[in-house]
Each structure stands twice: as C-alpha cells, then as structure tokens.
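Residues per chain, in single letters:
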Amino acid sequence: MTESVEPRTQDLGYEEARDALVDVVRRLEAGGVTLEESLALWERGEALATRCEQWLAGARARVETAASGADRGPE
C-alpha cells in the first residue's frame, strides 16, 4: 500500500486547503474506504476546514481594517 504524503495543514494557502477539503469530502462520499481511513479523512477534513476559516477570518479582518481607514478619509 502506498501512502501519500500530504502537506501540513498550516502550510496551505486558502485555495490549496479548500481544494484538499473538497477532495476529502468527495472521497468520504464515495465510500469504499475502511473505518480507519474514514476517520483519518474526517480528521484531515476538520483540520482543513479550520485552516480555511483561519484564512477567511484574516481576510475579513484586513477588509474591516481597510474599510475603517477609508471611513476616516484623508489625514
């Protein structure tokens, strides 16, 4: 059995994490994996979803900071 080496979740950009999460969901929905593999996929999916949320929260904070700066006008 060949094991794939997956990058650490914290090293992934948003698009990479999102695409990997889509793949995990697809694999889980397709079935045909052992319980152990299903649990590993679930755990990977949870970590990827958390990483996506971190990226989105960071982006949201940057937009809010930029918007609050724009509200003040030129100084």
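Above this note sits the structure.
Note that the structure is predicted; figures quoted are calculated from it, not measured.

Conventions used here
Residues numbered from 1 in each chain as written. Predicted model: local features only at pLDDT ≥ 70, side-chain atom pairs only at ≥ 80, totals over all residues. Heavy atoms only, no water. Helix = DSSP H or I, 4+ residues; strand = E, 2+ residues; numbered from the N terminus. Buried < 20%, exposed > 50% of the residue type's maximum accessible area, 1.4 Å probe, protein only. Contact = heavy atoms within 4.5 Å. Core = buried A, V, L, I, M, F, W, Y, C linked by side-chain atoms within 4.5 Å.

**Structural notes on the overall build of the protein**
Logical step 1: The helix and strand inventory of the protein stands at two helices and zero strands.
Logical step 2: A total of 75 residues make up the protein; the buried ones form 15% of that total.
Logical step 3: Restricting to contacts in the protein with at least 6 residues of sequence separation, those with at least 24 account for 74%.

**Overview of the environment of R8**
Logical step 1: Within the element layout of this structure, R8 appears in the segment before α1 (14-30).
Logical step 2: Using a relative accessible area of 57% as the deciding quantity, one classes R8 as exposed.
Logical step 3: Distance in space between the C-alpha atoms of R8 and A47 is 9.7 Å, their sequence separation being 39 residues.

**Focus: the nonpolar core**
Logical step 1: Counting residues in each nonpolar core, the largest one holds six residues, listed as L12, A17, V24, L41, L48 and C52.
Logical step 2: If you list the elements that add at least two residues to this core, you get α1 and α2 (35-72).
Logical step 3: The leading source of residues in this core is α2, at three residues.
Logical step 4: Beyond its immediate chain neighbours, meaning those up to four positions away, V24 contacts L41, R44, G45 and L48.

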